[in-house]
Amino acid sequence: VAAAAIAWLIFMLPHSVATVSIATAYFTKMSAHVQENRVDLLKADLAQGLRTISIISVFSSAVLIVLAYPVSRIFIGEYFGAVALANVLIALMIGLLPFSFVFMMQRAFYALEDTRTPFVFTCIQISLHIAGSLTMSVFVPREWLVVSLSLVTSFTVSVQALVAYLLLRRRIGSLGEHKIASSTTKFALVAIVAGLAL
């Protein structure tokens, strides 16, 4: 439990410092563009925010995955405890990017004065998480349970991000012309190469 709590605090650090600040700044702009009926500018703001969040989240994930074991020793001096914390942290960091994307897309819905849709895709994520957690509690050995639950969190948040995007696309159209996926792929490849070099 302690490992999960510490890992979650580390996981939230890049999100709270970068993603929350970026999404808050763009939320004001997106809201103004909605009032002006400029959906094109709303999409441009959203895409720019997602790309900025993407590069920060991808590189933060890479750094924290590579340094998971040394960072864990700072918080837990005992070897096996540090390894356990590092494994949980790695499992959580896999979900940092979709977690941050969801936060940004929620602000786009709020700018559109739509709070019902975020409730829907959050309920989907929570339902999947409950089902996954119950499954893991039955089939996964106790020593790997926290890591498995962290992987469940990363998986369900990824599903939530996909559902959120599909629902948002129905409201404002595709973001394909902004090439968010290709940019994120490039960032990920560079981060992987840099991580391997370390």
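Look up: the structure comes first, before these words.
Computed from a predicted model, the values in this text were never measured in an experiment.

Asker: Explain the nonpolar core here, please?
Answerer: Across soluble globular proteins, nonpolar side chains have a tendency to be buried as a group. Met30, Leu46, Leu50, Phe101, Met104, Leu168 and Ile172 are the most contacted members of the largest nonpolar core, which has 31 residues in total. Mapped by element, the contributors of at least two residues to this core are helix H1 (2-35), helix H2 (39-66), helix H5 (96-111), helix H7 (145-172) and helix H8 (180-197). A total of nine residues in this core trace back to one element, the largest contributor, which is H5. Counting 18 residues, the second largest nonpolar core, distinct from the first, contains Ala3, Ile6, Leu89 and Met93.

Asker: Where do I start with H1 in this structure?
Answerer: Since the α-helix packs 3.6 residues into each turn, any two residues three or four apart lie on the same face. For H1, spanning 34 residues, the distance from its first C-alpha to its last is 46 Å, which sits close to the expected 50 Å at 1.5 Å a residue. When the local axis directions of H1 are compared, the greatest deviation, roughly 35°, occurs at serine 16. Phi turns positive, to about 60°, at asparagine 37, one or two residues after H1.

Asker: Honestly, the packing of aromatic side chains in this entry has me stumped. Any pointers?
Answerer: Each pair of aromatic rings is reported with the distance of its centres and the angle of its planes. Counting across every chain of the model gives five aromatic pairs. Consider the rings of tryptophan 8 and phenylalanine 99, whose centres lie 6.0 Å apart with planes at 80°: the pair is edge-to-face. Here tryptophan 8 is found in helix H1, whereas its partner phenylalanine 99 is found in helix H5, with 91 residues between them in sequence. Grouped by ring-pair contacts, the aromatic residues Trp8, Phe11 and Phe99 constitute a single cluster.

Asker: How should the side chain of glutamine 160 be read in this particular structure?
Answerer: Here glutamine 160 shows up in helix H7. Here threonine 122 takes part through its side chain, which lies 3.4 Å from a polar atom of the side chain of glutamine 160. Dropping the residues within four chain positions of it, glutamine 160 is found in contact with Val102, Phe121, Thr122 and Gln125.

Asker: Explain the packing of H5 against H7 to me, please; I cannot follow it from the model alone.
Answerer: Helix packing geometry: the angle between the two helix axes and the distance between the axes. Put simply, H5 and H7 touch, their axes get as near as 9 Å, and they point 30° apart. Accordingly, the angle class assigned to the pair H5 and H7 is roughly parallel. The handedness of the crossing between H5 and H7 is left-handed. Facing Pro98, Phe99, Val102, Met105, Ala108 and Phe109 of H5, the residues of H7 in contact are Val157, Ser158, Gln160, Ala161, Ala164, Tyr165, Leu167, Leu168 and Arg171. Residue composition of the contact of H5 with H7, grouped by class: twelve nonpolar, two polar and one charged.

Thresholds, definitions, all that
Residue numbering note: each chain is counted from 1, following its sequence as written. Note on the predicted model: pLDDT of at least 70 is required for a residue's local features to be given, and 80 or more for side-chain atom pairs to be given and counted; whole-chain, interface and lining totals, by contrast, use all residues. Side-chain figures throughout are based on the complete set of non-hydrogen atoms in the structure, without hydrogens or water. Take the buried Ala, Val, Leu, Ile, Met, Phe, Trp, Tyr and Cys residues and link them wherever side-chain atoms come within 4.5 Å; each set so joined is a nonpolar core. Accessibility here uses a 1.4 Å probe with only protein chains present; expressed as a share of the type maximum, an area under 20% marks a residue as buried, one over 50% as exposed, and anything in between as partly exposed. Secondary structure elements follow DSSP: runs of H or I no shorter than four residues count as helices, runs of E no shorter than two count as strands, and numbering proceeds from the N terminus. By this rule, a helix spans an expected 1.5 Å times one less than how many residues it contains. Each residue is assigned a bend, namely the angle between axes fitted to the seven residues that terminate at it and the seven residues that start at it. Stacked, tilted and edge-to-face are the three classes applied to pairs of Phe, Tyr and Trp rings, where Trp contributes its six-membered ring and a pair requires centres within 6.5 Å; stacked means planes under 30 degrees apart, edge-to-face means over 60, and tilted covers the rest. As used in this structure description, the phrase polar contact means that two N or O atoms lie within 3.5 Å; if the pair is within protein, one of them must be able to donate a hydrogen and the other to accept it, and residues adjacent in sequence are counted only when both atoms belong to side chains. In what follows, a contact means two residues having at least one pair of non-hydrogen atoms within 4.5 Å. For helices, the axis comes from a line fit to the C-alpha atoms of the stretch in contact; other axes are also lines fit to C-alpha atoms, and the angle between any two N-to-C directions lies between 0 and 180 degrees. Our angle categories are set so that under 35 degrees counts as roughly parallel, over 145 as roughly antiparallel, 65 to 115 as roughly perpendicular, and the remainder as oblique. Helix crossings fall into two classes, left-handed where the near helix is turned counterclockwise from the far one by less than a right angle and right-handed where it is turned clockwise. Polarity classes work like this: nonpolar for Ala, Val, Leu, Ile, Met, Phe, Trp, Tyr, Cys and Pro, charged for Asp, Glu, Lys and Arg, and polar for all others, with Gly in that last group.

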